[in-house]
Amino acid sequence: MTSPTYDVVAIGNAIVDILAQAEDSFIEEIGVAKGSMQLMFSPEEADALYAKMGPGREVSGGSASNTVAGLAALGSKAAFIGQVADDQLGAVFAHDLRAAGVHFDTEVRPGQPTTARCLIFVTPDGQRTMNTFLGASQFLPASALDETLIASGAILYLEGYLWDPEEPRAAMRKAIEIARANGRKVAFTLSDVFCISRHGDDFRKLIDDGMIDILFANENELLALCQHEEFEAAVQHIHGKVPVLVVTRSEHGAMALVGDERVEVPAEPIAKLVDTTGAGDSFAAGFLHGQAQGRSVKDSLRLGALCAAEIIQHYGARAEVDLKALAAEKLG
């Protein structure tokens, strides 16, 4: 087995986020559960909602791409596989990811639909409500996978959001096979309760079949996955099914279950909660970077909490401070 070239190779939606402030009444008006994600199935639907938005800002996003951007900022070697269209938003996404230090060379998809976009409404309490048009990203075929690249990553990282469309779902199954055949680990983030409601049986089968080495979830996602109403019951339900379980619990911190070892850390203090967009993505970046650097589980959790705390104090899902310097200052 050859040594890995990359710490993490991720597959996910290639999305440009458009963020705007909104009141709770507007979230009720558009009929979306606050703090959740819903899919928009046509560019016309996306355009109609965009027309209702207040002044916004465009920031390259996408769950797994946010994570690899965070990994690169921390000093890890990361690569991303995802599909954009041959349009302006696609060019913005590719530029931003490469400028962040992430290897990205998935072939552009010609024609329609456009590059994926996510319309994000941030309420005064910092909660983000996402409305996503998957565009070109939902047609990522297995043939677009760079098998050599996947085999070169110590960890293959997959996002639950991309499981919804049929083509990328098949691509991710193939990617898991490639990673497994090359002795690499597979990490999976559940992404949202919405994803579990649609594909929970698939996710549970992946776990039961031993296909997942590292599972990321927030508390609500874990409850939905395990079909329990109580957190400790859900933890015990999944105990032994994945080698590493990482659960974020908002202001209550985070925990990891590694074999029979359970480690918990508190949330990092913040000056002000501004926008929770990308908090889980950044947490995953910190944890995976810590593990890639050979740090303890506790230090990896702390690093994840530090990255998440930085993200939620400003708009957008990409860091605005030097994460490497922040990690050195707080953890040494």
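Each value, and the rule that gives it
- Residues numbered from 1 in each chain as written.
- Predicted model: local features only at pLDDT ≥ 70, side-chain atom pairs only at ≥ 80, totals over all residues.
- Heavy atoms only, no water.
- UniProt positions renumbered as here; feature names shortened; annotations may be inferred.
- Helix = DSSP H or I, 4+ residues; strand = E, 2+ residues; numbered from the N terminus.
- Buried < 20%, exposed > 50% of the residue type's maximum accessible area, 1.4 Å probe, protein only.
- Contact = heavy atoms within 4.5 Å.
- Areas by Shrake-Rupley, 256 points an atom, 1.4 Å probe, with all protein chains shown as cover.
- Lys, Arg positive; Asp, Glu negative; His and termini not counted.
- Charge placed at Lys NZ, Arg CZ, Asp CG, Glu CD.
- Disulfide = S-S within 2.5 Å.
- Core = buried A, V, L, I, M, F, W, Y, C linked by side-chain atoms within 4.5 Å.
- Pairing = 2+ DSSP bridges.
- Salt bridge = Lys/Arg side-chain N within 4 Å of Asp/Glu carboxyl O.
- Polar contact = N/O pair within 3.5 Å; in protein donor to acceptor, adjacent residues only side chain to side chain.

Looking at an unreviewed UniProt entry, the protein chain carries the name Sugar/nucleoside kinase (Ribokinase family), with the source organism given as Sphingomonas kyeonggiensis. Word for word, the UniProt comment on the protein chain under Sequence similarities (unreviewed entry) is "Belongs to the carbohydrate kinase PfkB family."

Turning next to the overall build of the protein chain. Check the secondary structure of the protein chain and you find 12 helices and 14 strands. Its C-alpha atoms give the protein chain principal-axis dimensions of about 50 × 45 × 40 Å. Here the protein chain holds 332 residues, and the buried ones make up 57% of them. A sequence separation of at least 24 residues applies to 74% of the contacts in the protein chain between residues at least 6 apart. For the protein chain, the exposed area adds up to about 13,700 Å²; of that, 49% sits on carbon and sulfur atoms. Counting 27 positive and 46 negative side-chain charges, the protein chain places the averaged centre of each group 4 Å from the other.

It is worth spelling out the state of the cysteines at this point. By the definition in use, this model includes 0 disulfides. Cysteine C118 is unpaired, with the sulfur of C195 as its nearest cysteine sulfur at 12 Å. The buried category is assigned to C118, whose relative accessible area is 3%. A residue is classified by how much of its surface remains accessible, and C195, at 2% relative accessible area, is buried.

Counting residues in hydrophobic clusters, the biggest one holds 56 residues, and the most contacted among them are I11, I150, L215 and L222. Ignoring anything within four residues of it in the chain, the contact list for L222 reads A217, F231, A234, V235, I238, L245 and V247. A14, V265, A284 and A308 belong to the second-largest nonpolar core, a separate cluster that totals 38 residues.

All right, on to the pairing of strand β8 (residues 128-133) then. Within β8, 6 of the 6 residues are buried, which leaves the element mostly enclosed by the surrounding structure. Residues of β8 alternate between two faces, with R128, M130 and T132 on one and T129, N131 and F133 on the opposite face, all of them buried. Pairing geometry for strand β7 (residues 116-122) and β8, over 6 bridges, is antiparallel. Bridge assignment links C118 to a residue of β8, and that residue is T132. Hairpin geometry of β7 and β8 is characterised by an intervening segment of 5 residues between the two adjacent antiparallel strands and by a positive phi of about 90 degrees at G126.

Before going further, it helps to spend a moment on the side chain of D192. Mapped onto the elements, D192 comes out in the loop between β10 (185-189) and α7 (193-208). Buried charge D192 goes without a salt bridge, the closest partner of opposite sign being R128 at 4.6 Å. Polar side-chain contacts of D192 include one of 2.7 Å to the backbone nitrogen of F194. Once residues within four sequence positions are removed from consideration, D192 is found in contact with S36, M37, Y161 and E221.

Moving on, we get to the environment of S76. Positionally, S76 belongs in the loop between α3 (63-74) and β5 (78-81). With a relative accessible area of 6%, S76 lands in the buried category. The spatial distance from the C-alpha of S76 to the C-alpha of T2 is 19 Å, given a sequence separation of 74 residues. Residues in contact with S76, not counting those within four places in the same chain, are D7, L71, H289, A292 and Q293.

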